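Here's the letter readout for the chains.
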Amino acid sequence: MADRNDWADAAPLQLPPLVHQPARRVHLRFYPRDGSIFINDVYVIRGVGGRLLKYFADELLSTGRREFLNRELRRAKSLQLPEFKDNLETRLALLMRRLEEKKGPVRIHRPARGCIRLHFDAIPVVVVVHET
């Protein structure tokens, strides 16, 4: 219900790819077992918030996209959102707050209702750690 009439049928804005970004890197270490994510060896969040951040970084690297819609996130199977009452807004708010608290190289903004804009200060490098 939260994403009704909020760009529901509009395509996400396509921003130019990371061509003029500095050659610096930001390292994301992701643990799929519990969705934990670390940025430059600093723990940020786990669970849905961690999977969200990995999803954003993967999309940025593969397509150059930096804007996402709530509707798109609700349909992404890799986020493992529950079928009923996924609390996506709450999870996004928590992730945004954690990134703000860490004052690191990654930020998320909400330019409009139902829209999420990702900002990396450097090029992300995602490492997935499969624990045995």
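Residues numbered from 1 in each chain as written. Predicted model: local features only at pLDDT ≥ 70, side-chain atom pairs only at ≥ 80, totals over all residues. Heavy atoms only, no water.

Q: Would you mind going over the pattern of salt bridges with me for this structure?
A: Any two side chains of opposite charge can pair if their charged atoms end up close together. Summed over the entire model, instances satisfying the criterion amount to eight salt bridges. Residue E131 pairs with R33 through a salt bridge whose shortest N-O separation is 2.7 Å. One end of the pair, E131, is in the segment after β7 (123-128); the other, R33, is in the loop between β1 (25-31) and β2 (36-39), and 98 residues separate them in sequence. The exposure class of E131 is partly exposed, given its relative accessible area of 45%. Classification of R33 by relative accessible area gives exposed; the value is 64%. Overlapping salt bridges bring together E59, R65 and E72 as one network. (Salt bridge = Lys/Arg side-chain N within 4 Å of Asp/Glu carboxyl O. Helix = DSSP H or I, 4+ residues; strand = E, 2+ residues; numbered from the N terminus. Buried < 20%, exposed > 50% of the residue type's maximum accessible area, 1.4 Å probe, protein only.)

Q: What am I meant to see in the sheet that holds strand β3 (residues 42-45) here?
A: Strands in a sheet are paired, the pairing made by backbone hydrogen bonds, and the direction either parallel or antiparallel. Taking strand neighbours across the sheet as the criterion, the four strands line up as β3-β2-β1-β7 in an open arrangement whose pairing is mixed. Strand pairing shows two members of the sheet lacking a second neighbour, β3 and β7, which therefore form its edges. Adjacent strand axes in the sheet meet at a mean angle of 30°, parallel and antiparallel pairs treated alike. Looking at chain direction, β1 and β7 are connected through six bridges and run parallel. (Pairing = 2+ DSSP bridges. Axes fitted to C-alpha atoms, helices over the stretch in contact; angles between N-to-C directions.)

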